[in-house]
Amino acid sequence: QVQLVESGGGFMQAGGSLRLSCAASGRTFSSYAMGWFRQAPGKEREFVAAIRWSGGSTYYADSVKGRFTISRDNAKNTVYLQMNSLKPEDTAVYYCAADQTYRSSWYQSSMSRVYDYWGQGTQVTVSS
């Protein structure tokens, strides 16, 4: 079992920055990659970014590329999502998730159904 707890959400004006954290506990050594997803009211959950624990390679959705940065601290079992140049359309509940299976492509890692564990989510609201 892996437990995930997100924090760092809040209210921000457009153009501002927020950093989300996802603290992992339990059998974290068995996780292959971590992902961030978001879900806005009335919309489906969408992929934001992913990172592999080993090596730290990353992958981003086009909508956040160049504005968001995913990183990890292996010693703290924590994954971060630095969000800069925030836009009102970034408003959503943000979730972190853990995938325990090797994936041969980033496309697979962008699909929510491959993730085994999910956090409770943290709200991010961006005003115009």
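Our subject is the structure that appears above.
Parameters at a glance
Residues numbered from 1 in each chain as written. Predicted model: local features only at pLDDT ≥ 70, side-chain atom pairs only at ≥ 80, totals over all residues. Heavy atoms only, no water. Buried < 20%, exposed > 50% of the residue type's maximum accessible area, 1.4 Å probe, protein only. Helix = DSSP H or I, 4+ residues; strand = E, 2+ residues; numbered from the N terminus. Pairing = 2+ DSSP bridges. Disulfide = S-S within 2.5 Å.

Can you help me understand the pairing of strand β8 (residues 78-83) in this one?
Each regular strand displays side chains that alternate between the two surfaces of the sheet. Of all six residues that make up β8, five are buried, and the element is covered over most of its length. Here strand β3 (residues 18-26) runs beside β8; their pairing, made up of six bridges, is antiparallel. Paired with A23 across the two strands is T78, which belongs to β8. Note: strand β7 (residues 68-73) against β8, six bridges, orientation antiparallel.

Looking at this structure, how should I read the state of the cysteines?
Two cysteines joined by a covalent bond between their sulfur atoms form a disulfide. Per the counting criterion, the structure on display carries one disulfide. A disulfide bridge connects C22 with C96, and the sulfur atoms are separated by 2.0 Å. On the sign convention where negative means left-handed, the S-S torsion of about 55° between C22 and C96 marks this disulfide as right-handed. In this pair, C22 is assigned in strand β3 and C96 in strand β9 (residues 92-99), connecting sequence segments 74 residues apart. As far as the burial class goes, C22 and C96 line up, both buried.

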